[in-house]
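Here are the chains, one letter per residue:
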Amino acid sequence: MYLPRQLISHLYLQLLRSHHPLSPPVLILVALEPDALCACRILTALLKRDYIPHKIQPVAGYGDLARAGEELVRPMQTTNGGSGGVVVCLGVGGLVDLGEILALTSPEDEVEDMGGVEIWVFDARRPWNLGNVFGGQAGIGQAMAEIDVNSRRRGRGVDKGRITPAYTSKNGGIVVFDDGDIDEDLAKERDAYHALLEMPEVDDDASDDGSTGDMDDDDTQPGSRKRKSWSGREDEDDSEDEDGPPRQRKRSNSGSSIVSSPSRRRKTAINSSNSSRSATPTSDSPSPAEQNQPSARSLKRRLIQLKRKHEGVLQAYYSSGTSYSEPISSLIYSLASELGREDNDLLWLSIVGVSSLELSGRTMTGVGVSNTSDTGGSAGWGGQRGEHIRQILRDEVHRLNPPDPFERDLDIRGEINGVIPTTARSPTDTSIRLSPEPRFLLVRHWSLYESMLHSPYLAPRLHVWTENGRKRLNKLLAKMGISLNQSNQFYTHMDMELKRALRGRLLTYAPMYGLHGLVPPEPSANASSREGWGFVRCWGWKACLSATDVGVILGAILEVGPHEATASWDAKRLPRARGSNDEIENGGGIGESDLASLLPRFWSAYDALSLTSESPTLLMGALPLAQHLHRAILRTGTSLLSKHQIRHLRAFRIAVVKDGPDVKLFTNPGALTKLALWVAEAIRVQERERGDSVKIGRKRAAGTPLVLAGLDEDRDLYVVVGTGGGGGVVDFAAMSKRQEERRKKKETKDKKQKEREERRAKRAAERAERGEDEDEEESDESESSSESESEDEQDAHSKKHLLRNRFGIAFQEVVQETNARVRIDSFDHCVVEVQKDDLGGFLEALSFRSVVG
């Protein structure tokens, strides 16, 4: 089931009304990423205000999610002695069948009984598992063949998977919180899913020429072999070469099968009813009406064609590749706003979550570089839609942080001059402000030179991994009138006049070096949008941090951990895991890695986001860790590029990190992904400067896909990440213009259609008088249908230019067709673990796959 965005507070209000002192605590499963962490902080703040007990369980991958389902979720079911309850998944499980992986249901169950457990799913990853979105409803499989299924669902407040205001949480189920995409974009998939769900079981192995028996010769008879279902599952006696859509299966460490297509529940009564209807009549003298009816073989052929058509719709949706939609921290802030609970603390958490997506390369096309980085300022992950969300956040900042009347002129003067705020207005100032942030890294907490040198945006464009690139950086500073001595000082200690003039000089001189998006453009005279501007918050005299700074620090804590820092790093500044035995069910290590080393990272990051006054202290204490990580990214990326260690295979480029002082840092998928994005951006800039994108073709114009492998000597395997080729920018202005043109064409076509129908009716009357056939009418209909189909193809083509990341699908195909020992456990399917000896064969097979599409 899915909850429309306009009803986002519906389930929470029901939980609030039904809560009592004996109610079980809400279980929150949280992914180890900044966006999910911020969303967790917002949700727990709401629960605390309403005195609803809750329990937080960090989840690092599918294996850990399956263990949490077996040890924590399954005992909550009323069928297992529990009392039901609510499980909230934050950044967890949106791509898989949660009912199966959390051990709530099994494929053998005739009835989906969730045992009173309701699962709320917040996830920005796409594609959705359609079984969660349009299914996930307790009691769907009940044997009620004579009752219309859709009317029964509407009676429970669910209409074809869509929750209505009449819905009440009683029997449990899986509820996906829609950010607007499901209602707007998945109507075709919704119809196909429910058509397949209500379709009778039929064996589609037979060819369309009817060479096999009738419909009732297959799985309607007891004891017959069951075919492989369209969801990707198959029974033990199924053959491997059966027809149907390819399997999309991933093996977790626990050995459970993680299926990325929706599960299908059969209804025994419906099957038996269909079987009886399709059986051959026993009478020897059939009536004339029965003679005119189509045969069972003809009906079966039509049913198979219809089934394959619907399966093709779903398969096209799943095979389009991965992408990211609205951040879940923004979605949960919308929930808080709907409840009237918004404040500065929750707004700041939402801003940090949204800002963190760009740092980890989460774009509309999956994990990869994005052309939106050229638009200036903090533009990043979502093109026009991302900028729309950031504009809403800016409006919220203006609403919740009105300027002091005595300091209004000073604030306006500072915004006009584009001065980057580095201090609070007063010792008690905790407000959020807009700032014209340049695309530097930790500029308030580093020297200007170091901040520019380690910037993921600036470094690839200046080629800082070469000697000439460092000279270009020096020349840029010299043109702006900033000496090397000044630029190597701590930024807050620089001359105030230089800091005031910095933005204006960057706007003047940065375009000379191709840095058009280094700072946000000047706003127009009456513009209040401040497009491209970032967000800054101060905690009195304690600290002043931008949202990007906090995202960088949180990422370093989660991806590296305090034990990996340099010798100068004081690990005591970060607290260890607090009370893990009390708050966490530690079911062992995650795969072969040590879960105990991940839990301190999670709780350190969780504490650093505290809404108390201790938050900036913990964040500032973790700054050396973030600087250490980004120094390592610069060193390793420079080594790969300067030593020409990046090879160009058939479909992508490949690089391997297997030696050097920082090799252990990049055994974490998050840190490895940031390194891959840094290298991919450098390759993209090089190709664009050489003009290779024009020679190679349109698909490579956005950048070349990259596979980066990091060696983990302790576990004797490689962590492999695949980043897409970019191209995730949607020109919404051009798209709206095309839509307007299509609307006008449609109006013209409707007029022509009416005239055509009038002429057709007149001709039909004339033909009826003459007794002629209707070939001309059929040709007119085929002509109009071909026109509509061509328009649909144009719409589909306009979406294909997104070039989504398909590494997850390619990895699964390689696993199925080779003997490579591969483990796919990350929620980002473009990350896998490959045994050291199998890497060569794995990459060779991967090079023949389509990795963007």
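This text follows the structure it describes.
Residues numbered from 1 in each chain as written. Predicted model: local features only at pLDDT ≥ 70, side-chain atom pairs only at ≥ 80, totals over all residues. Heavy atoms only, no water.

Asks: Sorry, what's going on with the overall build of the protein chain here?
Replies: In terms of regular secondary structure, the protein chain is built from 31 helices and 23 strands. Counting only residues that meet the buried cut, the protein chain has 55% of its 853 residues in that class. Contacts in the protein chain between residues at least 24 apart in sequence constitute 77% of all its contacts with a sequence separation of at least 6. Total accessible area on the protein chain is roughly 36800 Å²; 49% of this is exposed by carbon and sulfur atoms. (Helix = DSSP H or I, 4+ residues; strand = E, 2+ residues; numbered from the N terminus. Buried < 20%, exposed > 50% of the residue type's maximum accessible area, 1.4 Å probe, protein only. Contact = heavy atoms within 4.5 Å. Areas by Shrake-Rupley, 256 points an atom, 1.4 Å probe, with all protein chains shown as cover.)

Asks: Explanation requested: the packing of aromatic side chains in the structure shown.
Replies: Centre-to-centre distance and the angle between the planes together describe a pair of aromatic rings. This model, assessed by the stated rule, comprises 14 aromatic pairs. Ring geometry for Y2 and F134: centres 6.0 Å apart, planes at 85°, overall edge-to-face. Linking Y2 in strand β1 (residues 2-3) with F134 in helix α5 (residues 130-134), this pair joins segments that are 132 residues apart in sequence. In this pair, the class of Y2 matches that of F134, namely buried. Relative to F807, the ring of F652 lies with its centre 6.2 Å away and its plane at 65°, an arrangement referred to as edge-to-face. Of this pair, F652 sits in the loop between β18 (647-648) and β19 (653-657) while F807 sits in helix α30 (residues 807-817); the two residues are 155 residues apart in sequence, bridging distant segments of the chain. Accessibility assignment for this pair places F652 and F807 in one class, buried. (Phe/Tyr/Trp six-rings, centres within 6.5 Å; stacked < 30°, edge-to-face > 60°.)

Asks: I keep staring at the side chain of E118 and nothing clicks. Help me out?
Replies: For E118, the position within the fold is in strand β5 (residues 117-122). At 2.9 Å, the side chain of E118 and the side chain of W120 are in polar contact. Excluding residues within four positions of it along the chain, E118 makes contact with L11, G85, V86, V87, Y167, S169, G172, G173 and V175. (Polar contact = N/O pair within 3.5 Å; in protein donor to acceptor, adjacent residues only side chain to side chain.)

Asks: What's the story with the sheet that holds β18 in this structure? I'm lost.
Replies: Either a parallel or an antiparallel arrangement is found when strands of a sheet pair, and the pairing is made through backbone hydrogen bonds. What the six strands build is an open sheet, ordered β18-β19-β20-β21-β23-β22; its pairing is mixed. Each edge of the open sheet carries a strand with a single partner, namely β18 and β22 (822-823). Against the sheet, α30 contacts β20 (706-712), β21 (717-723), β22 and β23 (831-835), and its axis sits at roughly 135° relative to β21. (Pairing = 2+ DSSP bridges. Axes fitted to C-alpha atoms, helices over the stretch in contact; angles between N-to-C directions.)

Asks: Mind showing me how you'd approach the sheet that holds strand β17 (residues 544-546) here?
Replies: One open sheet accounts for three strands, arranged β15-β16-β17; its pairing is antiparallel. Because the sheet does not close on itself, it has two edges, and the strands there are β15 (432-435) and β17. Taken over all neighbouring pairs, the strand axes of this sheet differ in orientation by 30° on average, direction set aside. Taken together, the four bridges between β15 and strand β16 (residues 534-538) define a ladder with antiparallel strand orientation. Within β16, the residue paired with I432 across the bridge is R537. The strands touched by helix α21 (residues 547-559) are β16 and β17; relative to β17, the strand with the most contacts, the crossing angle is about 85°.

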